[in-house]
Amino acid sequence: MNRKLFCGINAALLVMAPMGEAAADPSIERLIASQCAQCHGTDGRSVGDIQKLAGEETYEKLMEMLFELRAENIMEHQAQGYTPEQLRNIANYYQNLPERARNGGGGQ
Amino acid sequence: MNGKSARPSNAEADRGLSRRGFIGHVAGAIGLAAAPNVLRAAANPRVIVIGAGFGGATVAKYLRHWSGGAVDVVLIDRSSRHISCVMSNLVLNQRLQMSDLALGFTDLVQRYGVTFIQDSVDEIDGPGIRVKLRGGGWLSADRIVAATGINFRNVPGWDKSAVPHAWIAGGQTRLLRDQIAAMPDNGRFVMTIPKSPYRCPPGPYERACTVADILGRRSGIIGGNAIGAPPKVIVLDENDHIQAEEATFRRAFEGMYRNIIEYYPNAKLQAVDSVHRVAQTSIGDFDGDVLNVIGPQQASWFLKTSGLVPTSQRWAPVDVLGYESTVSGCDAVHIIGDSQGSSQPKSGHMANSQAKVCADAILRRFAGQPLNTAERLANLTTNSACFSPITYDQASYLTAVYAYNPATRAMQATKVGEAERWSREQYRQMFTWADNLWADSFN
Ligand SMILES: Cc1cc2nc3c(=O)[nH]c(=O)nc-3n(C[C@H](O)[C@H](O)[C@H](O)COP(=O)(O)OP(=O)(O)OC[C@H]3O[C@@H](n4cnc5c(N)ncnc54)[C@H](O)[C@@H]3O)c2cc1C
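First, a word on what this report is: a plain description of the structure on this page. (Residues numbered from 1 in each chain as written. Chains lettered and ligands numbered in written order. Predicted model: local features only at pLDDT ≥ 70, side-chain atom pairs only at ≥ 80, totals over all residues. Heavy atoms only, no water.)

1. Topic: the overall build of chain A
We count it as follows: Only DSSP runs of H or I reaching four residues or more are called helices, and only runs of E reaching two or more are called strands; each is numbered from the N terminus. Any residue under 20% of the maximum accessible area for its type is buried, any over 50% is exposed, and the rest in between are partly exposed; the area is computed with a 1.4 Å probe on protein chains only. We call two residues in contact when some of their heavy atoms are within 4.5 Å. Only the protein chains shown count as cover for residues, and all accessible areas are computed by the Shrake-Rupley method using a 1.4 Å probe.
Each helix and strand in chain A was counted, giving six helices and zero strands. Burial analysis of chain A (108 residues in total) assigns 51% to the buried set. For chain A, restricting intrachain contacts to residue pairs at least 6 apart in sequence, the fraction spanning at least 24 positions comes to 63%. Carbon and sulfur atoms provide 53% of the accessible area of chain A, an area that totals close to 5400 Å².

2. Some points on helix α7 (residues 171-181) of chain B
All names here are of chain B. For clarity, the threshold we go by: In this description, one arc is meant: the one made by directions from the helix axis to the C-beta atoms.
The set of residues buried in α7 consists of Q172, T173, L176, R177, Q179 and I180. The buried residues of α7 occupy an angular sector of 165 degrees when projected down its axis, which confines them to one face. Next to the buried residues of α7 lie α5 (89-92), β11 (188-193), α8 (203-219) and β17 (290-293).

3. Description of the packing of helix α11 (residues 348-367) of chain B against helix α13 (residues 424-442) of chain B
Residues and elements named next belong to chain B. This is how the line gets drawn: All axes here are fitted lines through C-alpha atoms, helices being fitted over the stretch that makes contact, and every angle between N-to-C directions spans 0 to 180 degrees. Left-handed is the label given to a crossing in which the near helix is rotated counterclockwise from the far helix by less than a right angle, and right-handed is the label when the rotation is clockwise. In this count, Pro and Cys sit with the nonpolar residues alongside Ala, Val, Leu, Ile, Met, Phe, Trp and Tyr, while Asp, Glu, Lys and Arg are called charged and the others, Gly among them, polar.
Direction vectors running N to C along α11 and α13 enclose 35 degrees, while the axes themselves pass 11 Å from each other. Judged by the sense of rotation from one axis to the other, the crossing of α11 with α13 is left-handed. On the side of α11, the interface is formed by G348, H349, N352 and K356, while α13 contributes W433, L437, D440 and S441. Taken together, the residues that form the contact of α11 with α13 break down as two nonpolar, four polar and two charged.

4. A closer look at the layout of surface pockets
Our working definition: Every definition here rests on a 1 Å grid over the protein atoms only: cavities are sets of points where a 1.4 Å probe fits but cannot get out, pockets are open sets enclosed by protein on both sides within 12 Å along at least five of seven lines, and lining residues have some atom within 4 Å of a point. Grid points are joined across faces, edges and corners, and a volume is the space filled by probe spheres set on the points.
In this model, the second largest pocket occupies a volume close to 740 Å³. Secondary structure elements with two or more residues in the lining of the second largest pocket: α3 (37-40), α4 (59-66), α5 (74-79) and α6 (84-95) of chain A together with β22 (381-389) and α13 of chain B. Element by element, the count of residues in the lining of the second largest pocket is highest for α13 of chain B, at five residues. For the lining of the second largest pocket, a count of residues per class yields 16 nonpolar, 11 polar and four charged.

5. Here we look at the sheet that holds β17 of chain B
Residue and element names in this part refer to chain B. We count it as follows: We treat two strands as partners when DSSP finds at least two bridges between them.
Spatial strand order, β13-β12-β11-β17: four strands in an open sheet with parallel pairing. Two strands bound the open sheet, and with one partner strand each, they are β13 (261-264) and β17. Within this sheet the neighbouring strands show an average axis-to-axis angle of 15 degrees, counted without direction. Judged from the six bridges that link them, β11 and strand β12 (residues 232-237) form a sheet pairing that is parallel. In the strand pairing of β12, F189 is matched with V233.

6. Focus: α8 of chain B
Residues and elements named next belong to chain B. Put simply, the rule reads: Helix span is expected to be 1.5 Å times the residue number reduced by one.
Taking 1.5 Å as the rise per residue, α8 with 17 residues should run 24 Å; its terminal C-alpha atoms sit 24 Å apart, in good agreement. Most of α8 sits out of view: 15 of its 17 residues are buried. Trailing α8 by a residue or two, G220 shows a phi angle of about 90 degrees, which is positive.

7. As for the site of the ligand
Residues and elements named next belong to chain B. Rules: Near residues are defined by distance, with any heavy atom within 4 Å of the molecule or strand qualifying the residue. Pairs of N or O atoms are called polar contacts if they sit within 3.5 Å, as long as, within protein, a hydrogen donor faces a hydrogen acceptor (for residues adjacent in sequence, only side-chain-to-side-chain pairs).
Lining the immediate surroundings of the ligand are 33 residues, of which G55, D77, R199, D338 and H349 lie closest. Between an oxygen atom of the ligand and a main-chain N or O atom of F54, the distance comes to 3.4 Å. Within the contact set of the ligand, an oxygen atom lies 2.8 Å away from a backbone nitrogen or oxygen of G55. Relative to its unbound accessible area of 990 Å², the ligand is 95% covered by the protein chains. Listing elements by their share of the shell around the ligand, those giving two or more residues are α4 (54-67), α11 and β22. Class assignment for the residues of the shell around the ligand results in 14 nonpolar, 13 polar and six charged.

8. Looking at the packing of α8 of chain B against helix α9 (residues 246-254) of chain B
All names here are of chain B. Just so we agree on the cut-off: For classification purposes, angles smaller than 35 degrees are called roughly parallel, those larger than 145 roughly antiparallel, those between 65 and 115 roughly perpendicular, and all remaining angles oblique.
Here α8 crosses α9 at 25 degrees, and the two axes come no closer than 11 Å. Relative to α9, the element α8 is oriented roughly parallel. Crossing angle aside, the handedness with which α8 passes α9 is left-handed. Contact with α8, carried on its side by Y205, E206, A208 and C209, involves F249, A252 and F253 of α9 and no other residues of that element. Its residues assigned to classes, the contact of α8 with α9 comprises six nonpolar, no polar and one charged.

Structural data, given as structure tokens:
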């Protein structure tokens, strides 16, 4: 009986904040892209005045930063830690994410 | 200025949900958790996460988020909320209040469906995959993640209630703030830095600058109308040089703080006279109006007594593909953040980063997928960032990206970058960064 209550809570959460994206299959792109989230928000949906990444096309900008001769801000230093292939995976992932989680939630 | 300004606290309201009704359910879940074996859901695998700091909160959140709720997560912390070390030096100069550093678990529980238990863990049974709660009983799981930060090694004579470290935030931070506030204007602040690796490589030097700025302004040395001898900040470093952002800190120590900061390398702390506030070191004794001992550090003691830290080591050895313990028979136990012993820096940003690799690995294990596919190895990265206040309104930063090196099977820096100069712009960026780091970990 207790177990049912516990599962009921999960179900309630799912109804309230459904998955924005399929998550049953942990993807490689998702993992590497999540490494930008410390600064740009979970799933690229940032808080405060930093650029969001969800739904954005960022590949060209990232490549520009990667090849900047002299990194001048923290973002250029970040970009230069990745390979072009990795940056493409990251950019792909964010470009295909909706700007907002469906139903406005950022949860599950 | 409030680091938590832009946090999505309206999320529940946005969903048109009756907050009170919902909290009622959650309280029920927490109640259940107190009777451990009731909790076990047959269908879902269960992960116990010990420690709800940057590493633990993030792994709990991402396990729920990425599994779509198909993994049960039980998060255990001895406190009902986490007090952030990140930004805590700003409490010393009173740019932030203690309450600004408090990070609650409400979103983890309500938004993500994490079960929270407030208790201390005293032991991990690695082969049995279970943890012993101080409150009584064992709790078992399919996987365990330990993210319990640091402990201090013993230093003869060191009484932390008189000589604070303020390197685990909370009462210690308040104590050091109050001691600094009570110092004479031309007083003497003595601090010690332990041998690397320790938590937050630039942190101690950042603290030296913050305190020099406080005392410099108060005495009039900064601003140019000083009377009498300048205040002193004596930095006793066990290492042979500044451990992070060396050029930046040298410029600060030898430039604008040259009359205040005295930096001594190779000063190994041997004992503390806590009554008279004396640091006894390999290069001599130093007494201060305030003594701040950032003591020598190691993984949490219970990881050692649980056999997860081999006798001659200080940190828990792990395989960086998923932060599984490399101690034989204990590979269902993951260790992330400051307690683990890989070569990456000990930072909150990095603990968050490792937590995501760990969450991904756990989900793969549950799905019967390998961790070492070529594609995964080629995309296995972590990164770190620390912003350091250098004056009351300017900051520098240090950031690094790490990638998996198959030859060494270690994470290796692919880029380390730091600010060329400290600035007001970076001081502002520091708050946006902290907001997002906190939110990505706790909300
Ligand atoms: C002054 C200062 C400035 C810093 N600045 C930065 C910065 O700019 N950027 C950055 O990235 N990092 C910074 N750090 C470092 C950062 O705070 C740590 O690296 C980070 O907190 C480590 O995360 P963790 O998850 O390993 O441990 P913690 O965040 O320390 O969390 C450990 C948690 O485990 C709980 N716990 C411990 N033992 C038990 C037990 N037995 N049972 C139950 N619960 C337990 C504790 O209550 C705590 O909540 C700074 C640190 C300091 C001191």
